[in-house]
Amino acid sequence: MPAATWAAYIDWSGDADFSDVGENVTARILDDRTAVSTSYGRDQSRALSPPRIGEAGFELNNLSQDYSPEYTASPLYGLVRPARLVKIEATHLSVVYTPFAGLTDDFQLKPDVDQRSVDVTCVDGMSVLQGALVTTDMYQGLRTGQALHVILDAIGWPSTARDIDAGATVMPHWWLDGTDAYEAVMDLLDSEGPYAMITCDSSRRIVFRDRHHRATRTRSITSQSTWYSRTAEPMFSAPATYSSGWREIVNVVSFDVPIRAQGPELEEVWAAGGRITVASGQTLAVTVKGSSPFVGAVAPVLGTDYTLTGTATLTMAKTSGESTTVVINAPSGSAYVDDLRVRGYLLKDAATIVVAGEDATTSKYGRRTSTSLKPPKWAGIYDAQAIVQLILTQRAERLPTVRITMVNGSDTRQIQQLTRDLSDRVTVVAYDMGMNADFWIEQIEHRVTQGGLDHRTTFGLEKAPAQITGAFVLGTSLLGTGVLGRRGFSDPDRIFTLGSATNAVLGTDVLAA
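Please read these numbers as outputs of a predicted model, since none were measured by experiment.

Asks: Looking at this structure, I do not really get the overall build of the chain. What am I missing?
Replies: If you tally the helices and strands in the chain, you get six helices and 30 strands. C-alpha atoms of the chain, sized along the principal axes, occupy 90 × 80 × 40 Å. Relative to its 513 residues, the chain shows a buried fraction of 49%. Taking contacts inside the chain between residues at least 6 apart in sequence as the whole, the part at least 24 apart equals 70%. Total accessible area on the chain stands at roughly 23,000 Å², and carbon and sulfur atoms take up 50% of it. Measuring between centres, the 45 positive side-chain charges of the chain sit 5 Å from its 58 negative side-chain charges.

Asks: Is there a simple way to think about the environment of Leu390 in this case?
Replies: Considering the arrangement of structural elements, one finds Leu390 in helix H5 (residues 381-395). Given a relative accessible area of 7%, Leu390 falls into the buried group. Taking C-alpha positions, Leu390 is 54 Å from Tyr77, a pair spaced 313 residues apart along the chain.

Asks: Explain helix H2 (residues 181-192) to me, please; I cannot follow it from the model alone.
Replies: Since one α-helical turn is 3.6 residues long, residues separated by three or four positions face the same way. A rise of 1.5 Å per residue sets the reference length of H2, with its twelve residues, at 16 Å; its end C-alpha atoms lie 17 Å apart and thus fit the reference within 8%. Of the positions making up H2, those classed as buried are Ala181, Tyr182, Ala184, Val185, Met186, Asp187, Leu188, Leu189, Ser191 and Glu192. Capping the start of H2 is the job of one residue whose side-chain oxygen sits 3.0 Å from the backbone nitrogen of Tyr182: Asp180. Remark: Gly193 follows H2 within two positions and exhibits a positive phi of approximately 105 degrees.

Asks: It is not clear to me how the sheet that holds strand E18 (residues 275-278) should be interpreted in this structure. Could you clarify?
Replies: What links the strands of a sheet is backbone hydrogen bonding, and the strands pair in either a parallel or an antiparallel sense. Overall, antiparallel pairing links the three strands, which are arranged E18-E23-E20 in an open sheet. Strands with a single pairing partner mark the edges of an open sheet, and in this sheet they are E18 and strand E20 (307-309). Here the average twist between neighbouring strands, direction ignored, is 20 degrees. As judged from the four bridges shared by E18 and strand E23 (residues 335-338), these two strands associate in the antiparallel manner. In the sheet register, Arg275 faces E23, and the bridge partner there is Asp338.

Asks: I'm lost on the pairing of strand E2 (residues 36-42) in this one. Help?
Replies: It is a general feature of regular strands that their side chains alternate between the two faces of the sheet. Most of E2 sits out of view: six of its seven residues are buried. When E2 meets strand E27 (residues 435-449), the two strands line up antiparallel, connected through six bridges. Each bridged residue has a counterpart across the sheet, and for Ser37 the counterpart in E27 is Arg447. As judged from the five bridges shared by E2 and strand E3 (residues 51-61), these two strands associate in the antiparallel manner. Looking across to E3, one finds that Ser39 is bridged to Glu55.

Asks: Even after reading the chapter, I still don't get the pattern of salt bridges, so can you show me in this structure?
Replies: Pairs can form between side chains of opposite charge whenever their charged atoms are close. Under the defined criterion, the tally for this structure stands at 36 salt bridges. With a shortest N-O distance of 3.2 Å, Glu248 and Arg46 are connected by a salt bridge. Here Glu248, found in the loop between strand E15 (237-243) and strand E16 (252-262), pairs with Arg46, found in the loop between E2 and E3; they are 202 residues apart in sequence, far enough to count as distant. For Glu248, a relative accessible area of 29% puts it in the partly exposed group. The partner of Glu268 in a salt bridge is Arg341, and the shortest N-O contact between them spans 3.9 Å. Separated by 73 residues along the polypeptide, Glu268 in strand E17 (residues 267-271) and Arg341 in strand E24 (residues 341-358) bring together distant segments of the chain.

Asks: Where do I start with H5 in this structure?
Replies: For H5, built from 15 residues, the straight-helix expectation of 21 Å at 1.5 Å per residue is met to within 8% by its first-to-last C-alpha distance of 21 Å. Considered for burial, the residues of H5 that qualify are Asp383, Ala384, Ile387, Val388, Leu390, Ile391, Leu392, Thr393, Gln394 and Arg395. Packing partners of the buried residues in H5 comprise strand E10 (170-171), H2, E16, E24 and strand E28 (454-463).

Asks: What is the right way to look at the state of the cysteines in this model?
Replies: Here, the word disulfide means a covalent bond between the sulfur atoms of two cysteines. One pass over the full model with this rule turns up zero disulfides. No disulfide involves Cys122; its sulfur sits 13 Å from that of Cys200, the nearest cysteine. Owing to a relative accessible area of 2%, Cys122 belongs among the buried residues under this scheme.

Asks: I tried to follow the packing of aromatic side chains on my own but got confused; where do I start?
Replies: The description of an aromatic ring pair uses the distance of the two centres, along with the angle that the planes make with each other. Under the counting rule described, the total for this entry stands at eight aromatic pairs. With 6.2 Å between their ring centres and 65 degrees between their planes, Tyr9 and Phe18 make a pair best called edge-to-face. Judged by relative accessible area, which is 16%, Tyr9 ranks as buried. For Phe18, a relative accessible area of 10% translates into the label buried. On the numbers, 5.9 Å between centres and 35 degrees between planes, the contact of Tyr139 with Trp174 is tilted. Of the two residues, Tyr139 is situated in the loop between strand E7 (133-134) and strand E8 (142-143) and Trp174 in the loop between E10 and strand E11 (179-180); the sequence distance between them amounts to 35 residues. A residue is classified by how much of its surface remains accessible, and Tyr139, at 26% relative accessible area, is partly exposed. On the accessibility criterion, Trp174 (0% relative accessible area) is buried. What links up through ring pairs into an aromatic cluster is the set Trp12, Tyr67 and Phe107. It is Lys87 that lies over the ring of Tyr9; its NZ or CZ is 5.1 Å from the centre.

Cut-offs used in this document
- Residues numbered from 1 in each chain as written.
- Predicted model: local features only at pLDDT ≥ 70, side-chain atom pairs only at ≥ 80, totals over all residues.
- Heavy atoms only, no water.
- Helix = DSSP H or I, 4+ residues; strand = E, 2+ residues; numbered from the N terminus.
- Buried < 20%, exposed > 50% of the residue type's maximum accessible area, 1.4 Å probe, protein only.
- Contact = heavy atoms within 4.5 Å.
- Areas by Shrake-Rupley, 256 points an atom, 1.4 Å probe, with all protein chains shown as cover.
- Lys, Arg positive; Asp, Glu negative; His and termini not counted.
- Charge placed at Lys NZ, Arg CZ, Asp CG, Glu CD.
- Expected span 1.5 Å × (residues − 1).
- Polar contact = N/O pair within 3.5 Å; in protein donor to acceptor, adjacent residues only side chain to side chain.
- Pairing = 2+ DSSP bridges.
- Axes fitted to C-alpha atoms, helices over the stretch in contact; angles between N-to-C directions.
- Salt bridge = Lys/Arg side-chain N within 4 Å of Asp/Glu carboxyl O.
- Disulfide = S-S within 2.5 Å.
- Phe/Tyr/Trp six-rings, centres within 6.5 Å; stacked < 30°, edge-to-face > 60°.
- Lys NZ or Arg CZ within 6 Å of the ring centre and 35° of its normal.

What follows is the structure, given as structure tokens:
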């Protein structure tokens with residue numbers, strides 16, 4: 001079996017072509033000392049766990065001092081810096097795969113005589129969201145995927161580098177005000193609900209999947225491969241771990257959902273109080289931050305919202321959100337603006353609704369909730385109810401997780417290592433665990449040494465919930481005797497989906513909650 005050929009590139013010049021001097025760093029990799037590693041997925045092997053930023057790392061020979069930032073004779077002098085594009089490729093049977101594409105994060109020099117190397121750590125494109133502060137208008141009736149586009153537009157993420165589901169959750173109101181983009185995206189993910197996923201793929205695209213994607217996408221619906229602990233290929237190896245899932249049972253869920261209402265008439269959103277002075281020929285931007293979020297703000301009206309001495313024009317940057325900016329321009333002579341205020345329609349918290357649910361059929365485990373569940377910050381009542389129901393549907397019974405390692409001992413295994421992705425459905429036959437079941441991939445980690453001769457991939461998997469029996473089926477003898485097929489997401493071929501061109505045959509499909 002020919003092992004995959006591995007290569008690594010760093011775009012020192014910043015032109016994104018990886019073809020300049022020193023950008024192919026493959027020959028410098030010291031994988032006999034430090035394995036080339038990549039990892040991405042959720043922070044645990046569970047669908048309820050949050051995503052993590054993808055990472056990669058490798059060690060480079062630095063005898064030449066090319067990677068020493070202070071060495072002025074280096075051909076890379078001034079170019080060894082963070083946020084340079086990185087890609088790690090594996091070529092197997094003439095097919096090129098990209099297990100990692102991202103950015104340099106840090107360089108740790110090892111100048112000692114017995115080392116003379118540099119450790120390179122990398123992160124994927126999700127890291128660009130961290131530290132980027134975003135302020136938006138107020139949006140009403142926006143889907144989570146649409147809101148994600150707003151965030152990516154605000155930070156300048158290319159529109160061609162996105163693969164974004166529209167999202168199942170429709171948010172009654174959504175806005176950001178100086179919010180960290182990564183934190184904002186995590187809030188959207190929580191508002192979309194369990195099974196929703198965000199990651200950065202091998203083409204450096206931000207990928208967002210809604211909470212139903214595992215019921216609609218072929219790679220999640222149909223097992224993509226069967227993996228065996230022995231006797232057949234593709235075969236996985238030690239170490240393998242198994243967690244029974246008892247501690248992760250959730251049969252009681254409760255969320256507080258704020259209900260917001262727009263005020264019926266224009267009222268004061270903000271007031272400066274006192275005098276604002278603008279020198280002749282100058283422009284002054286005044287930040288307006290309301291006591292509550294607002295919509296429909298009007299530009300300040302002379303005589304109503306301020307008085308003016310001198311000549312000035314006042315414009316307003318945006319009319320909704322939590323803040324805006326009033327720009328005062330004094331073209332000739334100093335201007336004095338007194339008692340400036342901004343009026344709009346305030347959005348106020350009218351009430352808080354508790355959306356809760358409990359699965360009484362699993363009371364034998366006791367009442368079990370999870371402290372790690374984050375509330376769906378932007379979801380309305382009905383989406384919050386859908387999220388509660390989905391959690392109870394999928395988490396009221398235990399779902400085991402496994403971590404298994406596959407080593408490139410055959411072409412069959414190597415192909416699995418290089419082609420599997422997050423949310424792929426696979427069948428695991430583990431004879432010593434007495435297990436033959438379908439799982440979804442939640443984590444993927446690669447570790448490569450000996451130039452690719454030794455390639456170990458660790459998959460973190462969670463068991464796919466079983467289809468409930470005795471489901472209520474329209475137009476059959478089960479009418480009136482079965483139960484609603486709320487566990488139907490595990491068998492999407494039988495789900496009756498409104499508006500679907502494929503799963504919408506009355507009398508043959510399961511009514512799925």
